[in-house]
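Summary of the model geometry
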Amino acid sequence: MTIEKLQNIIDISNSTVFFGGAGVSTESGLPDFRSPDGIYMSKQKYPPETMLSHTFFMEHTEEFWDFYRNMLYCPEAKPNAAHTKLAELEKAGKLTAVITQNIDGLHSAAGSKNVFELHGSALRNYCMKCGKFYSGDEVMAVKGIPKCTCDGTIKPDVVLYEESLDDETVSGAINAIASADTLIVAGTSLTVYPAAGFIRYFRGKNLILINRDKTAMDSAFSHIIHGKVGEIMNKIKV
Ligand code: APR
């Protein structure tokens, strides 16, 4: 698929939805998970799916926080062209929703309003005892296990393995996909469920994939551009 074709589809669509993964943030300097330089490729004491699980958080809370602070929270990251262009398209009425698997908050930081964060956000943390909110910076500023003023343990508002996604976020995302006439999927290996399965709710005309590498679901897409989503979206005129 050419950039011109992508531009044309965006221009004539009435309801375009964007579904993204970690590959949308690599041009902001954040590693993804499964690429050769991804987070899951770095040598760790336990497999990443173990370290980022609910059980691990409950039983090895300090080790979880050490890994999470080092590998998953990057406050210095800034939105890249993909994030800013999507926010501009939403503002121009050409994009109805962004659905993201990322917890970095970069779509909202770029100005997108209708964002469904399927896996939560590293910018939000809550005390497990009293529910008090803590910002990302507050939990990053301390060493070891961040504790609430009530002495409860603070947990990031992210969906860990073994945990379920937020019902309201899921239904909002599925409704957006189901009523879209164009779905642009980008920067994701489409290997983690239930998120990857949401694509099947799409009933519209144009199912587009913008991804650097091949994915498990390439054959399901009517249009594919293999490349860097920030560079590609930067060429789109609003
Ligand atoms: N432009 C386009 N695609 C890119 C770019 C880029 N600049 N950089 C990386 N990619 C692609 C890679 O080729 C890869 O296919 O993005 C994909 C990233 O895949 P993963 O690392 O598996 O990330 P993601 O699909 O978001 O993972 C889903 O897994 O562990 C969980 O919760 C975690 O949300 C995450 C989920």
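An account of the accompanying structure is given in this report.

Reading guide: rules and limits
- Residues numbered from 1 in each chain as written.
- Predicted model: local features only at pLDDT ≥ 70, side-chain atom pairs only at ≥ 80, totals over all residues.
- Heavy atoms only, no water.
- Near = heavy atom within 4 Å.
- Polar contact = N/O pair within 3.5 Å; in protein donor to acceptor, adjacent residues only side chain to side chain.
- Areas by Shrake-Rupley, 256 points an atom, 1.4 Å probe, with all protein chains shown as cover.
- Nonpolar A, V, L, I, M, F, W, Y, C, P; charged D, E, K, R; others polar.
- Buried < 20%, exposed > 50% of the residue type's maximum accessible area, 1.4 Å probe, protein only.
- Helix = DSSP H or I, 4+ residues; strand = E, 2+ residues; numbered from the N terminus.
- Contact = heavy atoms within 4.5 Å.
- Expected span 1.5 Å × (residues − 1).

1. A closer look at the site of the ligand
Close to the ligand lie 23 residues, the nearest being Arg-34, Tyr-40, Thr-188, Ser-189 and Asp-213. Thr-26 is positioned such that a nitrogen or oxygen atom in its side chain is 2.9 Å from a nitrogen atom of the ligand. Between the ligand and the protein, one listed contact pairs an oxygen atom with a side-chain N or O atom of Arg-34 at 2.7 Å. Here the ligand, which alone exposes 730 Å², has 95% of that area covered by the protein. Residues of the shell around the ligand, tallied by class, amount to six nonpolar, 11 polar and six charged.

2. Observations regarding helix H5 (residues 81-91)
Regarding H5, the residues found buried are Ala-82, His-83, Lys-85, Leu-86, Ala-87, Leu-89 and Glu-90. Of the surrounding elements, those touching the buried residues of H5 are helix H1 (3-12), strand S1 (16-20), strand S2 (97-100), helix H6 (106-109) and helix H9 (229-234). Between the side-chain oxygen of the N-cap and the backbone nitrogen of Ala-82 there are 2.7 Å, and the N-cap of H5 in question is Asn-80. Residue Gly-93 follows H5 closely and has a positive phi angle near 80°.

3. Re helix H8 (residues 167-178)
End to end, H8 covers 16 Å across 12 residues, agreeing with the expected 16 Å (1.5 Å per residue, within 8%). For H8, every residue scored as buried is listed here: Thr-169, Val-170, Gly-172, Ala-173, Ile-174, Ala-176 and Ile-177. Contacts from the buried residues of H8 go to S1, S2, strand S3 (115-117) and strand S7 (182-186).

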